[in-house]
Amino acid sequence: QVQLVESGGGLVQAGGSLRLSCAASGRTFSSYSLGWFRQAPGKERDFVAGISWSGGSTYLADSVKGRFTISRDNAKNTVYLQMNSLKPEDTAVYYCAAIRNNDYSNTYSIRDEYDYWGQGTQVTVSS
């Protein structure tokens, strides 16, 4: 069982930065690959970024490449999403999710493959 708690959301002007954190409980955190998804009002929950259990592989949605970075600290049971050059279209609730899957390179963007989800944190980017 893994429990995930996101933090770091807020209101920021376009062009600004935020760093989201997702703290996980459980001694097997390092066994899980982790992803960030986001959901804007009236839209589907979409993949944003993913990182393998070791941190050796990272994946980013095309819409955030060059602006967002995902990282993890297994010693702190935490995964981070550094968001730079934010745009109004980045406004959404951001969710952290965990997956215990040996085929992460083929499943990182598939929402239904993830086993555990956090409650989400709101990010609002004003123009």
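Source: prediction; values computed, not measured. Sequence order as written defines residue numbering, which begins from 1 separately in each chain. Local features in this predicted model are restricted to residues of pLDDT 70 or higher, and side-chain atom pairs are both shown and tallied only at a pLDDT of 80 or more, whereas totals for entire chains, interfaces and linings draw on every residue. In computing side-chain properties, one takes all heavy atoms of the structure into account and sets aside hydrogens as well as water.

## Observations concerning the nonpolar core
The tendency in soluble globular proteins is for nonpolar side chains to be buried side by side.
For step 1, the next point in the chain: Within the largest apolar cluster, 36 residues are counted, with the highest numbers of intra-cluster contacts made by Trp 36, Val 48, Phe 68, Val 79, Leu 81, Met 83 and Tyr 94.
For step 2, the next point in the chain: Among the elements of the structure, strand S3 (18-24), strand S4 (33-39), strand S5 (45-51), strand S7 (68-73), strand S8 (78-83), strand S9 (92-99) and strand S11 (121-126) are those that each provide at least two residues to this core.
For step 3, the next point in the chain: With six residues, the top contributor of residues to this core is S9. Residue types Ala, Val, Leu, Ile, Met, Phe, Trp, Tyr and Cys, when buried and joined through side-chain atoms within 4.5 Å, form a set referred to as a nonpolar core. Note on classification: 1.4 Å probe, protein chains only; a residue is buried when its accessible area is under 20% of the maximum for its type, exposed when over 50%, partly exposed between these limits. Numbering of helices and strands runs from the N terminus; a helix is a DSSP stretch of H or I covering at least four residues, while a strand is a stretch of E covering at least two.

## Side note on the state of the cysteines
For step 1, the next point in the chain: Two cysteine sulfurs form what is called a disulfide whenever their separation falls within 2.5 Å. Applying the stated criterion across every chain yields a total of one disulfide.
For step 2, the next point in the chain: The disulfide bridge from Cys 22 ends at Cys 96, spanning 2.2 Å between sulfur atoms. The chirality of the disulfide connecting Cys 22 with Cys 96 is left-handed, given an S-S dihedral of about -80°. Here Cys 22, found in strand S3, pairs with Cys 96, found in strand S9; they are 74 residues apart in sequence, far enough to count as distant. In terms of burial, Cys 22 and Cys 96 fall into one category: buried.

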